[in-house]
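Remarks on the overall topology
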Amino acid sequence: RIMRPDDANIAGNVHGGTILKMIEEAGAIISTRHCNSQAGEPSVAALARVERTDFLSPMCIGEVANVSAEITYTSRHSVEVQVNVMSENILTGAKKLTNKATLWYVPLSLKNVNKVLEVPPIQYTRKEQEDEGKKRYEEQKLDRLETKQRNGDVIFPVINPEPHTVGYSQSSLIHLVGPSDCTLLGFVHGGVTMKLMDEVAGIVAARHCKTNIVTASVDAINFHEKIKKGCVITISGRMTFTSNKSMEIEVFVDADPFLDEPRERYRAVSAFFTYVSLSKEGKPLPVPQLLTETEDEKRRFEEGKGRYLQTKAKRQAQMQQAAQQ
Amino acid sequence: RIMRPDDANIAGNVHGGTILKMIEEAGAIISTRHCNSQAGEPSVAALARVERTDFLSPMCIGEVANVSAEITYTSRHSVEVQVNVMSENILTGAKKLTNKATLWYVPLSLKNVNKVLEVPPIQYTRKEQEDEGKKRYEEQKLDRLETKQRNGDVIFPVINPEPHTVGYSQSSLIHLVGPSDCTLLGFVHGGVTMKLMDEVAGIVAARHCKTNIVTASVDAINFHEKIKKGCVITISGRMTFTSNKSMEIEVFVDADPFLDEPRERYRAVSAFFTYVSLSKEGKPLPVPQLLTETEDEKRRFEEGKGRYLQTKAKRQAQMQQAAQQ
Amino acid sequence: RIMRPDDANIAGNVHGGTILKMIEEAGAIISTRHCNSQAGEPSVAALARVERTDFLSPMCIGEVANVSAEITYTSRHSVEVQVNVMSENILTGAKKLTNKATLWYVPLSLKNVNKVLEVPPIQYTRKEQEDEGKKRYEEQKLDRLETKQRNGDVIFPVINPEPHTVGYSQSSLIHLVGPSDCTLLGFVHGGVTMKLMDEVAGIVAARHCKTNIVTASVDAINFHEKIKKGCVITISGRMTFTSNKSMEIEVFVDADPFLDEPRERYRAVSAFFTYVSLSKEGKPLPVPQLLTETEDEKRRFEEGKGRYLQTKAKRQAQMQQAAQQ
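Thresholds applied
Residues numbered from 1 in each chain as written. Chains lettered and ligands numbered in written order. Predicted model: local features only at pLDDT ≥ 70, side-chain atom pairs only at ≥ 80, totals over all residues. Heavy atoms only, no water. Least-squares fit on C-alpha atoms with pLDDT ≥ 70 in both. Contact = heavy atoms within 4.5 Å. Helix = DSSP H or I, 4+ residues; strand = E, 2+ residues; numbered from the N terminus. Expected span 1.5 Å × (residues − 1). Buried < 20%, exposed > 50% of the residue type's maximum accessible area, 1.4 Å probe, protein only. Salt bridge = Lys/Arg side-chain N within 4 Å of Asp/Glu carboxyl O. Polar contact = N/O pair within 3.5 Å; in protein donor to acceptor, adjacent residues only side chain to side chain. Nonpolar A, V, L, I, M, F, W, Y, C, P; charged D, E, K, R; others polar. UniProt positions renumbered as here; feature names shortened; annotations may be inferred. Pairing = 2+ DSSP bridges. Domains from an automatic or database assignment. Buried area = accessible area lost by both parts, 1.4 Å probe. Axes fitted to C-alpha atoms, helices over the stretch in contact; angles between N-to-C directions. Parallel < 35°, antiparallel > 145°, perpendicular 65-115°, else oblique. Phe/Tyr/Trp six-rings, centres within 6.5 Å; stacked < 30°, edge-to-face > 60°. Lys NZ or Arg CZ within 6 Å of the ring centre and 35° of its normal. Disulfide = S-S within 2.5 Å. Patch = residues over 30% accessible without salt bridge, like charges linked within 9 Å, V, L, I, M, F, W, Y side chains within 5 Å. Areas by Shrake-Rupley, 256 points an atom, 1.4 Å probe, with all protein chains shown as cover.

What about the relation of the copies chain A and chain B?
For the pair chain A and chain B, the superposition axis carries a translation of 0.0 Å, the fit reaches an RMSD of 0.1 Å, and the rotation angle comes to 120 degrees. The transformation just described matches what one would write down for a three-fold rotation axis. Interface overlap between copies is the fraction of interface residues in one copy that are interface residues in the other; for chain A against chain B it is only 15%, indicating separate surfaces.

Structure (structure tokens):
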């Protein structure tokens, strides 16, 4: 679809959240279709996890986003989908790869939302495809267990914070979940949640550096808990780490199911977004360093530094490997 | 309502699809109101057909669209609505006729969607009005039968196509039908479908000529099949014909009712859109000729030429008639 | 236009904010048209104030909103517009008056946004109309001066609040002002701001009483400061008063013009919303009493009580007057 002014910031760069939402919609369609390809109980595919996603090049207003999706692995109860996004300037014909994303879906019964159904197996053209898929499946399963731990943290407000401290840029947003945010099962689309998370992360980044900013990457996101129609969700973001030219923002999504249910507020999703600041010519700018004050802030800064160095090392290894081939 | 940046392309011209959607909403309101004006089973008017619609002058961001609708004929089971759209520049006060559209609606029972109800007859001020309406009714009925044939065709993707070939500009878009796309009966509003069709046709046209393009007209559209909430619809467009200054694009809408129903993908709607390319001053530009390769493409080009010449002849006849009056 | 699922809460009642946005759009169109009806510098009418607005009967999904607007008074630099909203059930034909709103607009030059232009005078059919209009004009002018004082207050966050306290339900939302929120001058439409304010007020009310709630009325809102495209706005709401069956919520809008400008965050708008809680049959329910803790909260509660009693007395006086006529 064509990118519109509302999909973009003032500098004309399309919000990462808009792209994440399109990716998830494509993933939901292809995996729901696959899970219903054999006779049996009808189901809706629910997003369980998105792997780390890099934004390789910014997309602009007026460009067309081409989204293609393919099922690359199936386990007994889950589907792995690979989604590619190309930006196309239809005036010049130029095309660029914008994103490569990997998503995991689980089929839930249309009649009983708590029942996970079986996934029809796909055919692999080569045995290795299946083995590699199985390896990715096991890895993400482990990682999902780990993040469940991290979920207890809460963002506390700060009164009269100093510029460039964590409290200065932290932000939160409330959203009442409406019908068009939801799947047929009455639960929020994963893509809608990711779009709101990117919105908050973007505001945190802009408040910190007061320049034009764009999403550079999103760490793996696990969707542990479903969010129901009619909930109020609070999306909060705080900066955890800055390198010379990037900012890492942690985002939490909490759901208040206050209408029908006796249930308490719960943490539904959390993730790390990385942003960069761009000059008017589109080049990365240095960002002000984050001032950490409390022990927790210092610890989170170090953890963020760890993730940053790990990602950097991984990228360099990939580039060397690519150079040798 | 005021036209906003999201309603328009980068050059500020409002998308034909936005206008078609407003027209259909006005038509649906007036015909549903009329069909329920007498005691009896409540019904919702469903769009059955839109007659050929010309876009007489482009509308711009900031202008106000004034939409007025009137019922001009009723048969036993259908309602003909005439909708006029005026664009008003509220700064200068200038008003221009943008569109005159004719739509046909059929009342479906609110309780049983497969039951077509009877339409309360309207009063005509002159006998000729009724006779002319009856003639239009018979004509569109014939035409609806004919288009049912054409619906088998499918758009195949082309690898590495040459510029200005059919394969080069053909495009498709998928859309998951959500609650706010639908009427009270849970079926997609005709206006929503037309807006998506115009979006795809616009992308095809822009890919072909790489300039600013606007909708010039839409051929009659027949809505043979309803599309239900929860469907995935695929909207595909390909160029069929170019004259010196216009492009004809054929658009198909296919629905995948994959959730509840055992039904196969089906063709829900198809139509021809005509686009022109505009210079920065708003004047029509020459467009590159479409290169046809296969026998089918050549045949469709000739058919498109036939439609083009027929429309041109009709318009000239109307202008002569107007000049003589 | 037809009310859609997205315009309403889960119980099917259309959000007061959606209606306020429609009212403001109608007011902006008619007053911009009027201000440009004579030769001279082109201008865009900017919303300066909305008088107290009551929501007389709830509107539901599937109903059609009929909005009509009329200019009822002009001073040298301002226009008073009366907007009526009727809800129409197009299945039964039943129509009900939903709102009567009075809005004040000021024409700003399209070339120089800081220049207020003159308003062409309207013709009155009776001399009393002009006198009554002048009286309303003088009253609102006084009231606008008064509210300017109140604007310094800030909502501080509360950690681990008890149910039914002020801190328990207070909420805030951030919104990045995009192009389709704005007028031709690049400033946020008053209607967009009011819709967001109603959204926050509704969440505060729902958090307090955990039932289905609807907007009952909005006190006069003054728009002292314009909000520019690209700003981040923070909309915060806190409960100030509860009667047996109603809740009063104070809402603040603060703008952060952080991108281009050296300016600090400023208070752009503030207002009081009154909500009621509805049973499944649509009858008003008792609401839990607000627990006030601090001196400020107790003072605001008393002030709210004053407003509540004043409104009640005014309504009874009107009913007696109506009964005597």
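Regarding helix α1 (residues 16-35) of chain C
Compared with an ideal rise of 1.5 Å per residue, which puts 20 residues at 28 Å, α1(C) spans 28 Å between its outermost C-alpha atoms and is within 8% of the ideal. Burial within α1(C) is extensive, with 18 of its 20 residues counted as buried.

Some points on the environment of A:Lys96
All names here are of chain A. Inspection of the secondary structure puts Lys-96 in strand β5 (residues 95-109). Relative accessible area serves as the criterion here: at 41%, Lys-96 is assigned to the partly exposed category. Apart from the residues within four sequence positions on either side, Lys-96 is in contact with Ser-57, Pro-58, Val-85, Met-86 and Ser-87.

A short note on the interface of chain A and chain B
The partner chain B presents 23 residues to the 26 residues of chain A that form the contact. Taking the shortest distance from any N to any O, the salt bridge between A:Glu88 and B:Arg207 comes out at 2.1 Å. Where chain A packs against chain B, one counts two residue pairs in polar contact (both at pLDDT 80 or more). Those elements that provide at least two residues to the side of chain A that touches chain B are α1 (16-35), β1 (43-50) and β3 (64-74) of chain A. The greatest single-element share of the side of chain A that touches chain B, amounting to four residues, is contributed by α1(A). Here the side of chain A that touches chain B is composed, by residue class, of 11 nonpolar, nine polar and six charged.

What to know about the UniProt feature "active site" (unreviewed entry) in chain A
Residues and elements named next belong to chain A. The UniProt feature table records "active site" (unreviewed entry) at Asn-9 and Asp-198. For the annotated residues, spread through 190 residues, the largest C-alpha to C-alpha distance comes to 12.3 Å, consistent with a single compact locus. With respect to the helices and strands, Asn-9 occurs in the segment before α1. Residue classification places Asn-9 among the buried positions, given a relative accessible area of 15%. Excluding residues that lie within four positions of it along the chain, Asn-9 makes contacts with His-15, Asn-212, Ile-213 and Val-214. Judged by relative accessible area, Asp-198 falls into the buried class, the value being 4%. Dropping the residues within four chain positions of it, Asp-198 is found in contact with His-15, Gly-16, Gly-17, Thr-215, Phe-273 and Tyr-275.

Some thoughts on the relation of the copies chain A and chain C
Expressed as a screw transformation, the operator carrying chain A onto chain C has a rotation angle of 179 degrees and an axial translation of 0.1 Å, and the superposed copies differ by an RMSD of 0.1 Å. Those values place the two copies in the arrangement expected of a two-fold rotation axis. Within chain A, A:Leu173 has its C-alpha nearest the rotation axis, a separation of 2.2 Å. A high fraction, 100%, of the interface residues of chain A reappear at the interface in chain C, so the copies pair face to face through one surface.

Some thoughts on the sheet that holds β1(A)
To summarise the sheet geometry, strands pair through backbone hydrogen bonds and adopt either a parallel or an antiparallel arrangement. Residues and elements named next belong to chain A. Reading across from one edge, β3-β4-β5-β1-β8 is the order of the five strands in this open sheet, with antiparallel pairing throughout. Of all the strands in the sheet, just β3 and β8 (221-222) have a single pairing partner and so form its edges. Note: β3 against strand β4 (residues 79-88), 10 bridges, orientation antiparallel. Looking at the pairing, Ala-65 lines up with Ser-87 of β4.

Some details on the interface of chain A and chain C
Taken together, the 28 residues of chain A in the interface contact 29 residues of chain C. Joining chain A to chain C, the criterion identifies two salt bridges. Among the ionic pairs, A:Arg207 bridges to C:Asp256, the shortest N-O distance being 3.3 Å. Our count for the contact surface shared by chain A and chain C stands at five residue pairs in polar contact (both at pLDDT 80 or more). Contributions of two or more residues to the side of chain A that touches chain C are made by β6 (171-176), α4 (190-209) and β9 (232-242) of chain A. Tallied by class, the residues present in the side of chain A that touches chain C amount to 14 nonpolar, eight polar and six charged.

With respect to the UniProt feature "domain: HotDog ACOT-type" (unreviewed entry) in chain A
Under the feature "domain: HotDog ACOT-type" (unreviewed entry), the UniProt entry names residues 1-111 and 167-281 of chain A. Structurally, residues 1-111 of chain A is divided into 18% helix and 41% strand, and its ends, taken at the C-alpha atoms, are 33 Å apart.

What about the domain arrangement of chain A?
All names here are of chain A. In terms of domains, chain A is made up of domain 1 (2-146) and domain 2 (166-300). Put simply, the middle of domain 1 and the middle of domain 2, counted by C-alpha atoms, are 20 Å apart. Tallying the contact residues gives 27 residues for domain 1 and 27 residues for domain 2. Carbon and sulfur atoms make up 62% of the surface buried where domain 1 meets domain 2, a total of about 2,200 Å² over both sides. On the domain 1 side of the contact with domain 2, Leu-20, Lys-21 and Arg-52 bury the most area, a combined 21% of that side's loss. For the pair domain 1 and domain 2, the interface holds 10 residue pairs in polar contact (both at pLDDT 80 or more). Here the side of domain 1 that touches domain 2 gets six residues from one element, more than from any other, and that element is α1. Partitioning the side of domain 1 that touches domain 2 into residue classes produces 10 nonpolar, nine polar and eight charged.

Section: the packing of α1(A) against α4(A)
Residues and elements named next belong to chain A. Closest axis-to-axis distance for the α1/α4 pair is 8 Å, and the angle between their directions is 170 degrees. By the criterion of interaxial angle, the relationship of α1 to α4 is roughly antiparallel. The segment α1 lies against α4, with Gly-16, Gly-17, Thr-18, Leu-20, Lys-21 and Glu-24 engaging Gly-190, Gly-191, Val-192, Met-194, Lys-195 and Asp-198. Partitioning the contact of α1 with α4 into residue classes produces three nonpolar, five polar and four charged.

What to know about the pairing of strand β6 (residues 171-176) of chain B
All names here are of chain B. On β6, burial follows the alternation: Ser-171, Leu-173 and His-175 on one face are buried, whereas Ser-172, Ile-174 and Leu-176 on the facing-out side are not. Sheet topology note: the β6/strand β9 (residues 232-242) ladder contains six bridges and is antiparallel. Bridged to Leu-176 within β9 is Val-232.

Looking at the packing of aromatic side chains
Under the counting rule described, the total for this entry stands at 18 aromatic pairs over all chains. Consider the rings of C:Tyr73 and C:Trp104, whose centres lie 6.4 Å apart with planes at 70 degrees: the pair is edge-to-face. Residue C:Tyr73 is found in strand β3 (residues 64-74), and its partner C:Trp104 is found in strand β5 (residues 95-109); the two are separated by 31 residues along the sequence. C:Tyr73 gets classed as buried once you look at its relative accessible area, which sits at 6%. Here C:Trp104 falls in the buried class, since its relative accessible area comes to 1%. Put simply, the rings of A:Tyr73, A:Trp104, A:Tyr124 and A:Tyr137 pair up and form one aromatic cluster. A cation over a ring is seen here: A:Lys226 above A:Phe187, with NZ or CZ 5.5 Å from the ring centre. Between A:Arg267 and the ring centre of A:Phe252, over which it is positioned, the NZ or CZ distance is 3.9 Å.

Considering the state of the cysteines
What the rule picks out here adds up to zero disulfides over all chains. Counting only cysteine sulfurs, C:Cys182 is the nearest neighbor of C:Cys35, a cysteine outside any disulfide, at a range of 20 Å. Residue classification places C:Cys35 among the buried residues on the basis of a relative accessible area of 7%. Here C:Cys209 is not disulfide-linked; the sulfur of A:Cys231 is the nearest cysteine sulfur, at 16 Å.

A few points about the pattern of salt bridges
Inspection of the entire model under this criterion finds 56 salt bridges over all chains. For B:Asp7, the salt bridge identified is with B:Arg1, shortest N-O distance 3.3 Å. Here C:Arg299 and C:Asp296 are joined by a salt bridge, their closest N and O atoms 3.4 Å apart. Remark: C:Asp296 and C:Arg299 occur in helix α5 (residues 295-324); sequence separation between them is three residues, near one turn of the helix.

With respect to a nonpolar patch on the surface
A cluster of nonpolar side chains, A:Val154, A:Phe156 and C:Ile159, forms an exposed patch at the surface whose accessible area comes to about 270 Å². Locating A:Phe156 in the fold gives a position in the loop between α2 (127-150) and α3 (166-169).

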